[in-house]
Amino acid sequence: MNQVEQLRQEITAKIAAYYRQAHAPRPFVPGETRVHYAGRVYDEQELIAAVEAVLDFWLTAGPRAESFEQRLAEYIGVRRALAVNSGSSANLVAVTTLCSHRWERPLEPGDEVITPAMGFPTTVAPIVQNNLVPVFVDCQLGTYNLDPAQLEPALSNRTRAICLAHTLGNPVEMGPIMDFARAHGLYVIEDACDALGTTYDGRMVGTFGDLATLSFYPAHHITTGEGGAVLTSDPHLARIARSVRDWGRDCWCSHDSPSSKGACGHRFEWQIPGLDEPYDHRYLFVEIGYNLKMTDVQAAIGLAQLDKLPDFIAARKRNFTRLYEGLKPYEEFLILPTWSGRADPSWFALPITIRPGAPFTRHNLVTWLEKRNIETRLLFAGNIVRQPGYRHIEHRTVGDLPNSDLVLRSTFFVGVYPGLDNARIVYMLETFADFIRPFVDS
Ligand SMILES: Cc1ncc(COP(=O)(O)O)c(C=O)c1O
């Protein structure tokens, strides 16, 4: 072993020791320890992976980002995964890709995109940012997903695409959605940011649409800190998406492509109209792009997290089932989640809606839980049309969006993430029971 290798081994051993000292889980004290709705779940492997990436000091997207992309694509079952710096960036890349002048039937300014009013704002923002018009449809109560029955009334002669999200890991009814999309020649983008590992009809979400997206923010199924990915099985869309992510450039060299010839094999032989001499492919810009790449340190953490993903998903499903069963006696007051018989959700969280007419409000229950150190979150934007930043955008709505309004008023969620152990789940259920008991007895 040479000296560099020996030093690396010593560093790695120290990191493992440091992890055990500094990050060791502390005992849970009911009422005092905060019960998070989500969070990073990791061990020394993630710390070692990150430090090794720092020791190599590639920093930008490099060998680890490429491995991460390959493993993600294999796991989901798509031809290409592109790592980006957030789920929001992934959505921006996906929508912008479909607007490319290099795509055969690009989305044009003023074209309409059907999307649920209830969801995360950055599912909708890229539609507006690309000068397209969102057509907001209502969600179903229980699944909180786009209601397929709303597609027909949403259709116009400008409709070109559907942007949907698999809310909190619960898959949209992709059968009727894809039938409708095919019948009307619409593109489909799946925001699978909350749904890594979810299947519908035995098939991973993210493989149905033309493009799909993931988020690796710490609340999600795996984390890279900030991070996300764009998925597609269409090589042409993949090439455009990569270009949109990478400053708009045409070049697809990987980190180790030979610099003289490039991945294309003729790097210095490209043409720019009006120029006599050939041009370097690395500086040929074919899209109005951004720089949204993931760094190699983030990808290193992501690779370590992917090793744990099957266990993470199993724990999320287990925790969901225990909480769901524990809350079932209160269905008189609470609308609990529902899911399709074709679905196998890899849950992000457990949504709860206070039933209209219940003798308490969401605010009453949420403040009760929060005061007892149980974290809650609202179901994102509720009805986005009512959010200050979205009130004035050009859009259409289908109907009055009553379910989205109910979510805005009465829905919240609690966590099911793998960091919840038995003691925390028991405490959560007891705290719910303490709140609801007086209403049951009265
Ligand atoms: C459905 C959905 N889409 C997009 C995002 C944005 O992801 P990010 O926070 O990585 O930008 C989120 C965030 O949680 C989300 O829930």
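First things first, this report covers the structure right here in the doc.

Looking at the site of the ligand
Inference 1: Taken together, the neighbourhood of the ligand is formed by 14 residues, with Gly87, Ser88, Asp191, Asp194 and Ser215 sitting nearest.
Inference 2: The contact in question runs from an oxygen atom of the ligand to an N or O atom on the backbone of Gly87, over 2.7 Å.
Inference 3: Note that an oxygen atom of the ligand is positioned 2.8 Å from one of the side-chain N or O atoms of Asp194.
Inference 4: Compared with its free state, where it exposes 390 Å², the ligand has 91% of that area covered by protein.
Inference 5: When contributions to the shell around the ligand are tallied by element, the ones reaching two or more residues are helix H4 (87-98) and helix H5 (121-129).
Inference 6: At three residues, H4 tops the list of elements feeding residues into the shell around the ligand.
Inference 7: Among the residues forming the shell around the ligand, the class breakdown is three nonpolar, nine polar and two charged.

Some thoughts on the state of the cysteines
Defined simply, a disulfide is a covalent bond joining two cysteines at their sulfur atoms.
Inference 1: As enumerated under the stated definition, the model contains zero disulfides in all.
Inference 2: Not engaged in a disulfide, the cysteine Cys139 finds its nearest cysteine sulfur in Cys163; these two sulfurs lie 17 Å apart.
Inference 3: The exposure class of Cys139 is buried, given its relative accessible area of 1%.
Inference 4: Cys253 supplies the cysteine sulfur nearest to Cys251, a cysteine that is in no disulfide, at a spacing of 3.6 Å.
Inference 5: You can call Cys251 buried: its relative accessible area is 4%.

Focus on the environment of Ser67
Inference 1: One can find Ser67 in helix H3 (residues 63-76).
Inference 2: Given the relative accessible area of 31%, Ser67 is considered partly exposed.
Inference 3: Through-space distance from the C-alpha of Ser67 to that of Asp296 is 9.9 Å; in sequence the pair is 229 residues apart.

Here we look at the packing of helix H2 (residues 44-56) against helix H9 (residues 296-327)
Inference 1: At a minimum axis distance of 8 Å, the contact between H2 and H9 shows a crossing angle of 150 degrees. By the angle between their axes, H2 is roughly antiparallel relative to H9. In this structure, the crossing between H2 and H9 has a hand that is right-handed. Counting all contacts with H2, which are made through Gln45, Glu46, Ala49, Ala50, Ala53 and Val54, the residues of H9 involved are Asp296, Val297, Ala300, Ile301, Ala304, Gln305 and Lys308.
Inference 2: Grouping the constituent residues of the contact of H2 with H9 by class yields eight nonpolar, two polar and three charged.

As for the sheet that holds strand S12 (residues 349-354)
Adjacent strands of a sheet pair through backbone hydrogen bonds, lying either parallel or antiparallel.
Inference 1: Spatial ordering of the open sheet is given by S10-S12-S15-S13, a layout of four strands whose pairing is antiparallel. Of all the strands in the sheet, just strand S10 (334-335) and strand S13 (377-378) have a single pairing partner and so form its edges.
Inference 2: Bridge analysis of S10 against S12 gives two bridges, and the strand direction is antiparallel. Residue Leu334 lies in a different strand from S12, and its bridge partner there is Ile354.
Inference 3: Relative to the sheet, H9 contacts S12 and strand S15 (411-415), its axis offset from that of S12 by approximately 20 degrees.
Inference 4: Seen against the sheet, helix H11 (residues 402-410) touches S12 and S15 and runs at an angle of roughly 60 degrees to S15.

Focus: the packing of H4 against helix H8 (residues 235-245)
Inference 1: Packing of H4 against H8 leaves a shortest axis separation of 9 Å and a crossing angle of 120 degrees. With respect to their mutual orientation, H4 and H8 come out oblique. In the crossing of H4 with H8, the sense of the turn from one axis to the other is right-handed. Contacts between H4 and H8 involve Val93, Thr96, Thr97 and Leu98 from the former and Leu237, Ile240, Ala241, Val244 and Arg245 from the latter.
Inference 2: Looking at the contact of H4 with H8 residue by residue, the class counts come to six nonpolar, two polar and one charged.

Remarks on the packing of aromatic side chains
Inference 1: Summed over all chains, the structure comprises 20 aromatic pairs.
Inference 2: For the ring pair Phe68 and Phe216, a centre distance of 5.4 Å and an interplane angle of 70 degrees mean the geometry is edge-to-face. Highlighted residues: Phe68 in helix H3 and Phe216 in the loop between strand S8 (211-215) and strand S9 (228-232), separated in sequence by 148 residues. Each member of the pair Phe68 and Phe216 is classed as buried.
Inference 3: Note on Trp339 and Trp347: the rings are 5.5 Å apart at their centroids and 80 degrees apart in plane angle, and the pair reads as edge-to-face.
Inference 4: When its relative accessible area of 35% is taken as the criterion, Trp339 is described as partly exposed.
Inference 5: In textbook terms, an aromatic cluster arises when at least three aromatic residues are bridged by ring pairs, as seen for Tyr37, Phe120, Phe348, Phe380 and Phe413.
Inference 6: One residue, Lys293, lies across the ring of Trp247, its end atom 3.5 Å from the ring centre.
Inference 7: Its guanidinium or amino end placed over the ring of Trp368, Arg372 lies 3.5 Å from that ring's centre, counting from NZ or CZ.

Reading the values: rules and limits
- Residues numbered from 1 in each chain as written.
- Predicted model: local features only at pLDDT ≥ 70, side-chain atom pairs only at ≥ 80, totals over all residues.
- Heavy atoms only, no water.
- Near = heavy atom within 4 Å.
- Polar contact = N/O pair within 3.5 Å; in protein donor to acceptor, adjacent residues only side chain to side chain.
- Areas by Shrake-Rupley, 256 points an atom, 1.4 Å probe, with all protein chains shown as cover.
- Helix = DSSP H or I, 4+ residues; strand = E, 2+ residues; numbered from the N terminus.
- Nonpolar A, V, L, I, M, F, W, Y, C, P; charged D, E, K, R; others polar.
- Disulfide = S-S within 2.5 Å.
- Buried < 20%, exposed > 50% of the residue type's maximum accessible area, 1.4 Å probe, protein only.
- Axes fitted to C-alpha atoms, helices over the stretch in contact; angles between N-to-C directions.
- Parallel < 35°, antiparallel > 145°, perpendicular 65-115°, else oblique.
- Left-handed = near helix turned anticlockwise from the far one by under 90°.
- Contact = heavy atoms within 4.5 Å.
- Pairing = 2+ DSSP bridges.
- Phe/Tyr/Trp six-rings, centres within 6.5 Å; stacked < 30°, edge-to-face > 60°.
- Lys NZ or Arg CZ within 6 Å of the ring centre and 35° of its normal.

Function-wise, these values are silent; they only describe arrangement.
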